[in-house]
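# Structural description and commentary
What follows is each chain in one-letter form.
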Amino acid sequence: KDRRYTQEQFSIHVPVAINYTAGKVNRINDSVNGYLRNNPDVKIIGVDRGERNLLYVCMIDQSGRILKQKSYNIVEETRFNGETRAVDYLDKLELREKERNEARQSWKTIGNIKELKEGYLSMVVHEITDMMVENNAVLVMENLNRGFKRGRMKFERQVYQKFEMMLINKLNFLCDKTSAEDNSGSIYHAYQLTAKVADYQDIYQQTGFIYYVVPSYTSKIDPTTGFADIFNHSDAKNDKEGFLDKMTSIKFDSGSDMFQFVFDYDQFNLRDTMPITKWTAYTNGNRLIHQIKNGQHSFVTLDITKYLQDYLIENHIDFKNGSNLITELNAIEDKRKHAAVRDALFNTFFWALQMRNSSSETGEDYIISPVKNSTGDFYCSSDRNESLPIDADANGAYNIARKGLMIKQRIDASKADEKVNLNISNTEWFEFASKK
């Protein structure tokens, strides 16, 4: 514990000379930033505490290229005989939740879920720390406030707080017990990649090789264009008429066989701003629409282009001539019909902007963009293009990693004695995301 090591003794994978007995957060963070500065070999791992996945990991290089993306719902276990098997821990934890809830209702003995969680987390933490060392990588996680963390704890499978602390503690003294004593990473030459953290309140923007970023606009964003819905939906609903009047045009595009909603964010009084303000949103693909009938929640798959086509035909509004439907709307004198058509246009627009589509009934969970990218295509995670995020939680992990890449670039641009600004505003994030 009292031994000190030189830079040369930390010569492989993560060559950071840190006094294990020092324990000063700033000293460790400064050492890490010094090691990362202008180091071309560093990778960035983003971890998303997902909605459909217990944990999702995406690793990128410094060009933003995806090297690995993986869900940790299923973990490979090694048995006593050396054989490996895939275990679906999401399924196990959900089943245990159900059993516990039924036991509470019937006053039966409640089974202990603690051991199941800890067994799962120990395997995931081991794999992720190995990934960091093998790939010379930093880890980037969501900086979630404590209220959000507590709120998610009503779901037994939400293991995020415990994962975070186990990971930090593991990285605080990381060693391979099977390695020779003189090797870096052995029990006598252990890595200290994080500072000691006693409580969640002690976690800030950085602890050693772990960085924390605000998760805003990481999941519901087009990874190919940087487009995101930044409208204030409540304000829009309170003034649907005024909202539609601020749009440039709403037309049917016969070439794509979709409706086009052309707008400029600068025309709306919004809290956030984007470097690109003028967009054309298309009624591209289907959306999973959440409905509540008689107190029952359900999802319906809706072809939003067909929905608006059928509605306009039913109300005898010609859209195939390419006319601006805002002009057509304003020409309707019947107040009831005017309000109905207005609502149809308004709802279709916001359905088009609904990029994340999830259903607990079917298990569907995908990102679909309403805007065309530089190749003239629409990003959709269901296409399973491995060079892009392959599902909604993968998109979250990917963009968390890209925020980490922003931090890496700031470290590169800083001087050795300069404090690095780790705060990333939404405006700065949109600027970075739009450059892809």
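In the block above lies the structure referred to throughout.
Everything quoted here is computed from the prediction, not taken from an experiment.

### Here we look at the side chain of Asn357
With respect to the helices, strands and loops of the structure, Asn357 is situated in strand β14 (residues 356–358). Note on Asn357: relative accessible area 0%, which makes it buried. Only 3.1 Å separates the side chain of Asn357 from the backbone oxygen of Met355, close enough to count as a polar contact.

### Focus on the sheet that holds strand β10 (residues 258–264)
In spatial order, the strands read β9-β10-β11; together these three strands make up an open sheet with antiparallel pairing. A single partner strand is all that each edge strand has here, and the edge strands are β9 (249–253) and β11 (278–282). In this sheet, adjacent strand axes meet at a mean angle of 25° when their direction is disregarded. Across five bridges, β10 lies against β11 in antiparallel orientation. Across the sheet, residue Phe261 finds its bridge partner in β11, namely Ala281. Each of β9 and β10 is contacted by helix α8 (residues 304–314), which is oriented at about 100° to β10, the strand it contacts most.

### Digging into the packing of aromatic side chains
Enumeration over the complete set of coordinates arrives at 28 aromatic pairs. Relative to Tyr120, the ring of Tyr89 lies with its centre 5.1 Å away and its plane at 45°, an arrangement referred to as tilted. Here Tyr89 is found in helix α2 (residues 89–106), whereas its partner Tyr120 is found in helix α3 (residues 114–135), with 31 residues between them in sequence. Exposure class is identical for Tyr89 and Tyr120. Each is buried.

### As for the nonpolar core
Phe163, Phe231, Phe243, Met247, Phe263 and Phe349 are the most contacted members of the largest nonpolar core, which totals 112 residues. When residues of this core are assigned to their parent elements, the largest contribution, ten residues, is made by helix α11 (residues 392–413). For Phe263, the contacting residues outside a window of four places in its chain are Phe227, Phe231, Met247, Thr248, Phe268, Thr277, Lys278, Trp279, Ala281 and Phe349. Counting residues in hydrophobic clusters, the runner-up holds five residues, among them Ile289, Leu302, Trp351 and Ala352.

### Examining the pattern of salt bridges
As a working rule, side chains carrying opposite charge can pair if their charged atoms are close by. By the definition in use, this model includes twelve salt bridges. Glu142 is paired through a salt bridge with Arg49; the nearest N and O atoms lie 3.1 Å apart. Highlighted residues: Glu142 in strand β6 (residues 137–142) and Arg49 in the loop between β1 (43–48) and β2 (56–60), separated in sequence by 93 residues. Judged by its relative accessible area of 8%, Glu142 is buried. Overall, Arg49 belongs to the buried group, its relative accessible area being 4%. Across the pair Glu428 and Arg410 runs a salt bridge whose closest N-O atoms are separated by 3.0 Å. Taken together, the positions of Glu428 in helix α12 (residues 426–433) and Arg410 in helix α11 put the pair 18 residues apart, joining distant regions of the chain.

### Quick notes on the environment of Arg52
Residue placement: Arg52 occurs in the loop between β1 and β2. Overall, Arg52 belongs to the partly exposed group, its relative accessible area being 28%. Each C-alpha atom, one on Arg52 and one on Asp393, is 7.1 Å from the other, the two residues being 341 residues apart in sequence. Contact partners of Arg52, with chain neighbours within four places excluded, come to Asn73, Leu90, Arg356, Ser359, Ser360, Gly363, Asp365 and Asp393.

### Points about α3
Between the first and last C-alpha of α3 there are 31 Å, a value that for 22 residues agrees with the 32 Å anticipated at 1.5 Å per step. Of all the positions in α3, only Leu116, Lys117, Tyr120, Leu121, Val124, Val125, Ile128, Thr129, Met131, Met132 and Val133 are classed as buried.

### Regarding a nonpolar patch on the surface
A grouping of Phe173, Ile187 and Tyr188 is seen on the molecular surface, where their side chains present a nonpolar patch of about 270 Å² in accessible area. Along the polypeptide, Phe173 turns up in the loop between α5 (160–172) and β7 (206–207). Given a relative accessible area of 35%, Phe173 falls into the partly exposed group.

### Considerations on the packing of α8 against helix α10 (residues 335–352)
Interaxial distance between α8 and α10 falls to 10 Å at its minimum, and their mutual angle equals 170°. The pairing of α8 with α10 is recorded here as roughly antiparallel in orientation. Residue-level contacts link Ile304, Tyr307, Leu308, Tyr311 and Leu312 of α8 to Ala340, Val341, Ala344, Leu345, Thr348, Trp351 and Ala352 of α10. A breakdown of the residues in the contact of α8 with α10 according to their chemical character gives eleven nonpolar, one polar and no charged.

### Remarks on the sheet that holds β14
If you walk across this open sheet you meet the three strands as β14-β15-β16, and the pairing is antiparallel. Two strands lie at the open edges of the sheet, namely β14 and β16 (378–380), each paired on one side alone. Within the sheet, the average angular offset between the axes of one strand and its neighbour, ignoring direction, is 15°. Alignment of strand β15 (residues 365–372) against β16, held across two bridges, turns out to be antiparallel. Among the inter-strand pairings, Ile368 is bridged to a residue of β16, identified as Cys380. Across the face of the sheet, α11 comes into contact with β14, β15 and β16 while running at roughly 70° to β15.

### Examining unusual backbone geometry
Phi at Asn38 takes a positive value of approximately 55°, unusual for a residue other than glycine. With respect to the helices, strands and loops of the structure, Asn38 is situated in the loop between α1 (25–36) and β1. Since its relative accessible area comes to 53%, Asn38 is described here as exposed. For Asp257, which is not glycine, the phi torsion reads 60° and is therefore positive. Take Asp257: it is sitting in the loop between β9 and β10.

The rules behind each value
- Residues numbered from 1 in each chain as written.
- Predicted model: local features only at pLDDT ≥ 70, side-chain atom pairs only at ≥ 80, totals over all residues.
- Heavy atoms only, no water.
- Helix = DSSP H or I, 4+ residues; strand = E, 2+ residues; numbered from the N terminus.
- Buried < 20%, exposed > 50% of the residue type's maximum accessible area, 1.4 Å probe, protein only.
- Polar contact = N/O pair within 3.5 Å; in protein donor to acceptor, adjacent residues only side chain to side chain.
- Pairing = 2+ DSSP bridges.
- Axes fitted to C-alpha atoms, helices over the stretch in contact; angles between N-to-C directions.
- Contact = heavy atoms within 4.5 Å.
- Phe/Tyr/Trp six-rings, centres within 6.5 Å; stacked < 30°, edge-to-face > 60°.
- Core = buried A, V, L, I, M, F, W, Y, C linked by side-chain atoms within 4.5 Å.
- Salt bridge = Lys/Arg side-chain N within 4 Å of Asp/Glu carboxyl O.
- Expected span 1.5 Å × (residues − 1).
- Patch = residues over 30% accessible without salt bridge, like charges linked within 9 Å, V, L, I, M, F, W, Y side chains within 5 Å.
- Areas by Shrake-Rupley, 256 points an atom, 1.4 Å probe, with all protein chains shown as cover.
- Parallel < 35°, antiparallel > 145°, perpendicular 65-115°, else oblique.
- Nonpolar A, V, L, I, M, F, W, Y, C, P; charged D, E, K, R; others polar.

Functional significance is not addressed by these values, which are geometric in nature.
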